[in-house]
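Geometric and topological summary
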Amino acid sequence: MKPNSSGKKVAVLISGRGSNLASLMDAADGSYKIILVISNVAGVAGLDRARDAGIATAVIPHAGKSREAFDGEIDNLLRAANADLVVLAGFMRILSDGFVRGWEGKLINIHPSLLPAYKGTRVHERVIEAREALSGASVHFVVPELDAGPVIAQASVPVHPADTPQMLADRILAVEHKLYPEALKLLAQDKVKLQNGLTVFS
Ligand code: GAR
């Protein structure tokens with residue numbers, strides 16, 4: 001076992017099945033260690049994956065709370081855990097400007113499109129409707145504007161004429177599982193940073 005002190009301490013925020021979380025757990029190599037998984041939804045598969053691996057978990061429901069109050073609870077847990085980096089992996093809540101600014105340069109997300117194209121929701125439906133030839137996945141620094149942060153890494157996949165949204169989502173998910181650990185390792189090794197609103201590699 002690697003000592004607890006090895007690498008950057010990573011907290012992962014999820015809302016669902018957590019397949020990206022699983023790929024990040026499998027790829028942890030000493031440059032980072034997942035120390036906490038927080039979900040806004042109870043009973044999701046991603047929480048089971050984390051618990052099975054002995055990772056601390058927490059559920060923070062969002063219902064009935066202001067965005068700031070919800071984000072404040074998450075922030076308290078992240079600070080208490082001494083998280084260095086925060087990774088959104090299928091986390092389906094918009095974070096407040098204050099939270100995002102507090103974690104600037106240390107907060108990343110994966111989105112299933114070739115950003116800046118197709119921000120937001122119903123991505124695969126819209127890509128298919130527009131008869132795009134290519135789609136893909138993007139890992140980006142999170143900034144207050146939704147899905148608008150500087151991109152760290154992207155991977156593309158073909159869109160086939162007979163694709164359903166689910167077929168396209170599955171094809172993209174397979175590349176997400178390689179892309180996200182690669183991008184997180186770059187950040188954990190200080191090989192990429194957010195500087196003056198731009199992604200800078202060193
Ligand atoms: C992934 O495809 C991820 O890109 C997407 O949700 C899925 C989560 O799957 N995220 C977004 O759409 C964020 N806007 P997972 O729970 O199996 O990792």
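What comes next concerns the included structure. (Residues numbered from 1 in each chain as written. Predicted model: local features only at pLDDT ≥ 70, side-chain atom pairs only at ≥ 80, totals over all residues. Heavy atoms only, no water.)

If you walk through the whole model with that rule in mind, you get one aromatic pair. Directly above the ring of W103 sits R79, whose terminal nitrogen or CZ lies 4.0 Å from the centroid. (Phe/Tyr/Trp six-rings, centres within 6.5 Å; stacked < 30°, edge-to-face > 60°. Lys NZ or Arg CZ within 6 Å of the ring centre and 35° of its normal.)

For the rest of this paragraph, the subject is the sheet that holds strand β1 (residues 8-14). Taken in spatial order, the seven strands make up an open sheet running β3-β2-β1-β4-β5-β6-β7, and their pairing is mixed. Each end of this open sheet is capped by a strand with a single partner; those strands are β3 (56-59) and β7 (151-158). This sheet shows a mean twist of 20° between the axes of neighbouring strands, independent of strand direction. Those strands touched by helix α3 (residues 67-80) are β1, β2 (32-39), β3 and β4 (85-88), and its axis lies near 155° from that of β2. (Pairing = 2+ DSSP bridges. Helix = DSSP H or I, 4+ residues; strand = E, 2+ residues; numbered from the N terminus. Axes fitted to C-alpha atoms, helices over the stretch in contact; angles between N-to-C directions. Contact = heavy atoms within 4.5 Å.)

Let us now look at the site of the ligand. The immediate surroundings of the ligand are formed by R17, G18, S19, N20, G90, M92, I110, H111, P112, L173 and E176. Within the side chain of S19, one N or O atom sits 2.5 Å away from an oxygen atom of the ligand. Here an oxygen atom of the ligand sits 2.8 Å away from a polar atom, N or O, in the side chain of E176. Among the detected pockets, the ligand sits in the largest pocket. For the shell around the ligand, the secondary structure elements donating two or more residues are α1 (19-27), β5 (107-111) and α6 (165-188). (Near = heavy atom within 4 Å. Polar contact = N/O pair within 3.5 Å; in protein donor to acceptor, adjacent residues only side chain to side chain. 1 Å grid on protein atoms, 1.4 Å probe; cavity = no way out; pocket = protein on both sides within 12 Å on 5 of 7 lines; lining within 4 Å. Sits in = over half its atoms within 2 Å of the grid points.)

Moving on: the layout of surface pockets. A volume near 880 Å³ is recorded for the largest pocket. The wall of the largest pocket is formed by 37 residues, among which G90, F91, M92, I110 and P112 lie closest to the centre. Within the residue set of the lining of the largest pocket, elements represented by two or more residues are α1, β5, α5 (123-129) and α6. Considering each element in turn, the lining of the largest pocket owes the most residues, five residues, to α6. Along the lines of polarity and charge, the residues of the lining of the largest pocket split into 16 nonpolar, 13 polar and eight charged. (Points joined across faces, edges and corners; volume = space filled by probe spheres on them. Nonpolar A, V, L, I, M, F, W, Y, C, P; charged D, E, K, R; others polar.)

Turning our eyes to something else, we now look at α6. An ideal rise of 1.5 Å per residue puts 34 Å on 24 residues; α6 measures up with 33 Å between its terminal C-alpha atoms. Residue E176 marks the point of greatest curvature in α6, where the axis turns by about 30°. Residues of α6 that are buried: L168, A169, I172, L173, E176, L179, Y180, P181, A183, L184, L187 and A188. Looking at the residues trailing α6, positive phi occurs at D190, about 60°. (Expected span 1.5 Å × (residues − 1). Bend = angle between axes of the 7 residues up to and from the residue. Buried < 20%, exposed > 50% of the residue type's maximum accessible area, 1.4 Å probe, protein only.)

A separate point is the pattern of salt bridges. In this structure the tally under the stated criterion is seven salt bridges. A salt bridge links R51 to D48; the nearest nitrogen and oxygen atoms lie 3.3 Å apart. Of the two residues, R51 and D48 are both situated in helix α2 (residues 45-52); the distance of three residues between them amounts to about one turn of the helix. What makes D48 partly exposed here is its relative accessible area of 39%. (Salt bridge = Lys/Arg side-chain N within 4 Å of Asp/Glu carboxyl O.)

Turning next to the nonpolar core. One broad trend across soluble globular proteins is that nonpolar side chains are buried collectively. Counting 39 residues, the largest nonpolar core has V12, I34 and I108 as the members making the most contacts within it. With eight residues, α6 is the single largest residue contributor to this core. If we ignore the near neighbours within four places in the chain, the residues touching I108 are V86, V87, L88, V139, H140, F141, V142, I152, Y180, L184 and L187. Grouped together as the second largest cluster of nonpolar side chains are 19 residues, A58, L88, F99 and L107 included. (Core = buried A, V, L, I, M, F, W, Y, C linked by side-chain atoms within 4.5 Å.)

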